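Understanding the architecture of this molecule
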Amino acid sequence: MPADAKNVVLLQPGRMNDLILLIAIAICGLLHGYCWLQHPGIVTGTVAWMTWTLILGLGTGKSARSSGMRWFVAGMGVRVVAFHWIPGVVAENYEIAYPVGWLFFVLMIAFESLTWFFLGIVSFQVFRRRAIPVWVVPSLVIVFDQYWPRVFPWTMAHTLIGFGTLIQVVDLGGVLGLTWLMTAISCAIVRIVDDYSPRPAHDGFADNVRTGHSGLGFAVTVLILFGASLAYGAYQQSNWTFPADPTQDIRVAAVQVDTSWVRAEERLCELSETIVPAPDLVIWPESSLGVYSDKLDHFKNDDYVYERSREPHCSLPGYAVAGTTLLGCGVTFADDAPLEGPYRNTSLLIDDKHMIVGKYVKRSLLPFGEYVPGQSILPALRHFANIDRVRECGNDSEPMSTSTGLKIGAMICYDDINPANARETVARGAQLLTVQVNAADYDDPVALRQHCLLARLRSVENRRFFIRCASTGVTCIISPVGSVEAECEPQTEAIVTGTVRPFSKKTIFSRFGDIPVYVSLGLI
C-alpha cells in the first residue's frame, strides 16, 4: 500500500474521533485525581462527581475492548495524579533509584486500574448493547472496591466528604453504600442522555436494543434514594449536634511530635505536662514508646522496664498526672521470639500510677511498609524492601477500658483505613475511637492529608468521636457527623485539645457492616 494511502487510513474520521475521546477521558481521569489532592468541599465534590459521570459516559466505546481501554486509561490518569508522591517514598525507603520507584508505581496503579478495564467492558454491555441492567455498574464498582487488593482503598465516596449532609448515610451502608449511590446517579444521567440522543445510522446496533424511556425507571428510583438520603442526612446532622455538657464530656489531648527523633518520649512528656487543665486522656503517636516484652505490666521502675525491653529502650520519664490516663504506643514481642521477630505494634493504656491497664495490637499491616506479599515464601522480598523485622498483626477488637470505665476502640496507623476495624471494636462496646499514626516516612503533606481523609468517615459510620494522633500529622478530633472539631498543621509540634462525649448506641453499619456490598455480590 502506498504511504499516502496509509496516511489516509490513519486519519479516517472514526479513528480520529476515537483518539479525541481517549484524550478526553484521560483528561477526565487526571481532573478526578486532582480532586483527591484538594481539601474537601462542595466545589471539589461537585467536580469529582462531574468527572466520574463523564468517565461513565465517554468510556463507552463501539466495542468491549475499546471501552475497557478507555476506562483503563482513565483509571491510570486518576491514580498517577492522586498518588504522585508514592515513587519518591518508594525510592527513599527501598533505597533504589527514582526511575525504579516510578516503575514500581506504574505497575502498582496498572494492577489497580485493571478493575476499571473490567468496568469498561461491563459498561459497554450496559450502555451500548443494553444486555445488562444499569444497576450492575454501581454494584460491580463497590464489589471491586471491597475485594480487589489495593494499598490505599480509596473510593468515590471519599471525594464527597465536603457534602456534610450527604455523607451521613454511611452509618447505614458504609462508605461503599455512598459510593453505590454516587455511581448510580451518574449511571442514571448517562442512561437518560443516551436514551434521548440520536444514534448514528452506521452505529451497528439495532434500534430495538433501546427504547425512549428505558432508563427512566432506574433514574426515578435513584432520584428518590438521593432525596431520601439528603433528608436522612439533615435529620442526623441535627440529631448528633449538641451543646457541651461537663457531666458527660471528657477532656482529651493529642500530642503531635515526630517520634523518629531520639528520646522523642521526653519531648512528648514535656508538652503533655504543659496542658492546663489536665485532660482525662492524653494520646501519643505510634512509635512513641519502646520495644517491650508482652509480659511488661507497668512502668514504675526503669530497671524493671529495661530488663524486659529490646533496643530502643524506653521508659516513661516521670509522666504521671493525677486523674489522667495515657495512651502510648510501642512494640511488643514474645519472650521466646528471636531478634528478627515477630514484633507487634501495640497501643498501651497507662494509668496515672504507671500501670498498664490495657493493650491493643495492630490488626492491619501496611503492604510494602511492614510486610511484602509473598515474604513467607520468599523471605528475600522483605529484605529487598528494607524491612528488617518480622511484623505480626493482632486479631482482637476488644476495646480497652480506663479506670473510669471509658471504653476506647484503639487503632494503629493503617488500621483506620479499613472500616471493619473500627466497626468491630464499636460492635464490642467501644465508646470512643482513636488512632495512633507514625507517618514520618512521608514528607509530602498531601500524603498525610489523604490518610486522614481515608479514615475520616469512620466517625460517621459508627457515630463516635474519633481522635487521630499522628507523629507528623494530621492530628485532629473528628465529631460523629464527620466535621473536624480541632486540628493542627502537618509536620509541626503541636497539641490538639478538646472535649468529646462517649456514646454506646450502635449504628446499623456497626451492627451489620457493608450491607450494600453483600446485596450487590448476591445479585451479581
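Located above this text is the structure these notes cover.
Attention now goes to the overall build of the protein chain. Of regular secondary structure, the protein chain possesses 17 helices and 14 strands. For 524 residues, the compact-globule formula gives about 24 Å, and the C-alpha radius of gyration of the protein chain, at 26 Å, lands near that figure. Expressed along its principal axes, the backbone C-alpha trace of the protein chain runs to roughly 85 × 55 × 35 Å. Here the protein chain, with 524 residues, has 53% of them falling under the buried criterion. Taking all contacts inside the protein chain whose residues are at least 6 apart in sequence as the whole, residues at least 24 apart take part in 71%. Total accessible area computed for the protein chain in this model is approximately 22600 Å², and 62% of it derives from carbon and sulfur atoms.

Time to look at the pairing of strand S13 (residues 484–487). If a strand is regular, its side chains alternate between the two faces of the sheet. Relative to S13, strand S12 (residues 476–478) runs antiparallel, the two being bridged by three bridges. Residue pairing across strands places Ile477 opposite Ala486, the latter belonging to S13. Hairpin connection of S12 to S13: five residues between the antiparallel strands, including Gly482 at a positive phi of 90°.

Turning our attention to the environment of Val170. Along the chain, Val170 falls in helix H8 (residues 170–195). A C-alpha to C-alpha distance of 9.4 Å links Val170 and Gly233, two positions 63 residues apart in sequence. Those residues in contact with Val170 that sit more than four places away from it in its chain are Val175, Leu178, Leu457, Val460, Glu461 and Phe509.

This part is about helix H10 (residues 264–272). Among the residues of H10, Ala264, Glu265, Leu268, Cys269, Leu271 and Ser272 are the ones counted as buried. Summarising the axial view, the buried residues of H10 lie within an arc of 165°, below the 170-degree limit, and thus occupy one face. Packed against the buried residues of H10 are strand S1 (250–256), strand S2 (281–283) and strand S14 (494–500).

In this section: a nonpolar patch on the surface. Among the surface-exposed residues, Tyr147, Leu172, Ile508, Phe512, Ile515, Tyr518, Val519, Leu521 and Leu523 lie close enough to one another that they form a single nonpolar patch of about 830 Å² accessible area. Among the secondary structure elements, those contributing two or more residues to the nonpolar patch are helix H16 (508–512) and helix H17 (515–523). For Val519, the position within the fold is in helix H17. Residue classification places Val519 among the partly exposed residues on the basis of a relative accessible area of 45%.

Moving on to the packing of aromatic side chains. Considering all chains together, one arrives at 24 aromatic pairs under this definition. For the pair Phe118 and Trp148, a centre-to-centre distance of 6.3 Å together with 65° between the ring planes defines the contact as edge-to-face. In this pair, Phe118 is assigned in helix H6 (residues 98–128) and Trp148 in the loop between helix H7 (136–147) and H8, connecting sequence segments 30 residues apart. Considering the side-chain rings of Phe465 and Phe503, the 6.5 Å spacing of their centres and the 10° angle between planes classify their relative orientation as stacked. You can see Phe465 sitting in the loop between helix H15 (458–462) and strand S11 (466–470) and its partner Phe503 sitting in the loop between S14 and H16, a full 38 residues away along the chain. In this pair, the class of Phe465 matches that of Phe503, namely buried. Members of the aromatic cluster, each reached through a chain of ring pairs, are Phe111, Phe117, Phe118, Phe144 and Trp148.

For the coordinates displayed, the defined rule picks out two cavities of 30 Å³ or more. Computed from the structure, the largest cavity encloses a volume of approximately 110 Å³. Around the largest cavity, the lining residues are Arg79, Thr115, Trp116, Leu119, Val141, Phe144, Asp145, Trp148, Arg150, Trp154, Thr155 and Met156. Sorting the residues of the lining of the largest cavity by element identifies H6 and H7 as the ones contributing at least two each. Classifying every residue of the lining of the largest cavity by side-chain character gives seven nonpolar, two polar and three charged. There is about 50 Å³ of room inside the second largest cavity. In this structure, the second largest cavity is lined by Cys35, Trp36, Gln38, His39, Pro40, Thr44, His158, Thr159 and Leu453. Residue composition of the lining of the second largest cavity, by class: four nonpolar, five polar and no charged.

Turning our attention to the nonpolar core. Core analysis: the largest hydrophobic core is formed by 117 residues, its most contacted members being Trp52, Phe83 and Trp116. Here this core takes twelve residues from H8, the largest share from any one element. In this structure Trp116 touches Trp52, Ile55, Gly68, Trp71, Phe72, Ala74, Gly75, Val78, Arg79 and Met156, once residues within four positions along its chain are discounted. Residues Ala253, Leu271, Phe299 and Cys314 belong to the second largest nonpolar core, which totals 22 residues.

What follows is about the pattern of salt bridges. Taken as a whole and assessed by the stated rule, the structure comprises 22 salt bridges. We note a salt bridge from Arg267 to Glu493, for which the minimum N-O separation is 2.9 Å. Of this pair, Arg267 sits in helix H10 while Glu493 sits in the loop between S13 and S14, and the two are 226 residues apart along the sequence. Its relative accessible area of 30% is what places Arg267 among the partly exposed residues. Across the salt bridge formed by Arg344 and Glu392, the nearest N and O atoms sit 2.8 Å from each other. With Arg344 in strand S6 (residues 343–350) and Glu392 in the loop between helix H12 (380–384) and strand S8 (400–401), this pair connects stretches of sequence that are 48 residues apart. In this structure Glu392 comes out as partly exposed when scored by relative accessible area, which is 30%. If you follow the salt bridges from partner to partner, you end up with Arg263, Glu265 and Glu266 in one network.

A pair of packed helices can be characterised by two numbers: the angle between their axes and the separation between those axes. Between H8 and H17, the shortest axis-to-axis distance is 7 Å and the interhelical angle comes to 55°. As far as their axial angle goes, H17 and H8 are oblique. The residues of H17 that touch H8, namely those facing Leu172, Gly173, Leu176, Gly177 and Trp180, are Ile515, Pro516, Val517 and Ser520. Class assignment of the residues belonging to the contact of H8 with H17 gives a composition of six nonpolar, three polar and no charged.

How each quantity is defined
- Residue positions are given per chain, counting from 1 as you read along its sequence in written order.
- Since the coordinates come from a predicted model, pLDDT governs what is reported: local features require at least 70, and pairs of side-chain atoms require 80 or more to be given and counted, while whole-chain, interface and lining totals use all residues.
- For side-chain calculations, the full set of non-hydrogen atoms in the structure is used, while hydrogens and water are omitted.
- Strands are runs of DSSP state E lasting at least 2 residues, helices are runs of H or I lasting at least 4, and numbering of each runs from the N terminus.
- What the globule rule says is 2.2 Å times the number of residues to the power 0.38, and the radius of gyration is computed from C-alpha atoms.
- Exposure is judged per residue with a 1.4 Å probe applied to protein chains only, and the accessible area is read against the type maximum: over 50% gives exposed, under 20% gives buried, and values in between give partly exposed.
- When checking whether two residues touch, look at their non-hydrogen atoms; a contact exists if any pair is within 4.5 Å.
- The Shrake-Rupley method, run with a 1.4 Å probe sphere, supplies the accessible areas, and residue values consider only the shown protein chains as cover.
- Here the rule is simple: two strands pair whenever DSSP picks up at least two bridges between them.
- Our arc is simply the arc of the directions from the helix axis toward the C-beta atoms.
- Patches here are clusters of residues that have more than 30% relative accessible area and form no salt bridge, with a 9 Å joining cutoff for like charges and a 5 Å cutoff for nonpolar side chains (Val, Leu, Ile, Met, Phe, Trp, Tyr).
- Throughout this description, the term salt bridge denotes a Lys or Arg side-chain nitrogen within 4 Å of a carboxyl oxygen of Asp or Glu.
- Pairs were defined over the aromatic rings of Phe, Tyr and Trp, the Trp ring being its six-membered one, requiring ring centres within 6.5 Å. Orientation was assigned from the angle between planes: stacked under 30 degrees, edge-to-face over 60, tilted for the rest.
- A cavity, in this analysis, means grid points on a 1 Å lattice covering only the protein atoms where a 1.4 Å probe fits yet has no way out; a pocket is instead an open set bounded by protein on both sides within 12 Å along at least five of seven lines, and a residue lines either one if it has an atom within 4 Å of a point.
- Grid points are joined across faces, edges and corners, and a volume is the space filled by probe spheres set on the points.
- Three classes are used: nonpolar for Ala, Val, Leu, Ile, Met, Phe, Trp, Tyr, Cys and Pro, charged for Asp, Glu, Lys and Arg, and polar for all others, with Gly counted as polar.
- Here, nonpolar core refers to any group of buried Ala, Val, Leu, Ile, Met, Phe, Trp, Tyr and Cys residues whose side-chain atoms link them within 4.5 Å.
- Comment: axis = line fitted to C-alpha atoms, over the contacting stretch for helices; angle = value between 0 and 180 degrees taken between N-to-C directions.
- Should an angle lie under 35 degrees it is considered roughly parallel, over 145 roughly antiparallel, and from 65 to 115 roughly perpendicular; all remaining angles are considered oblique.

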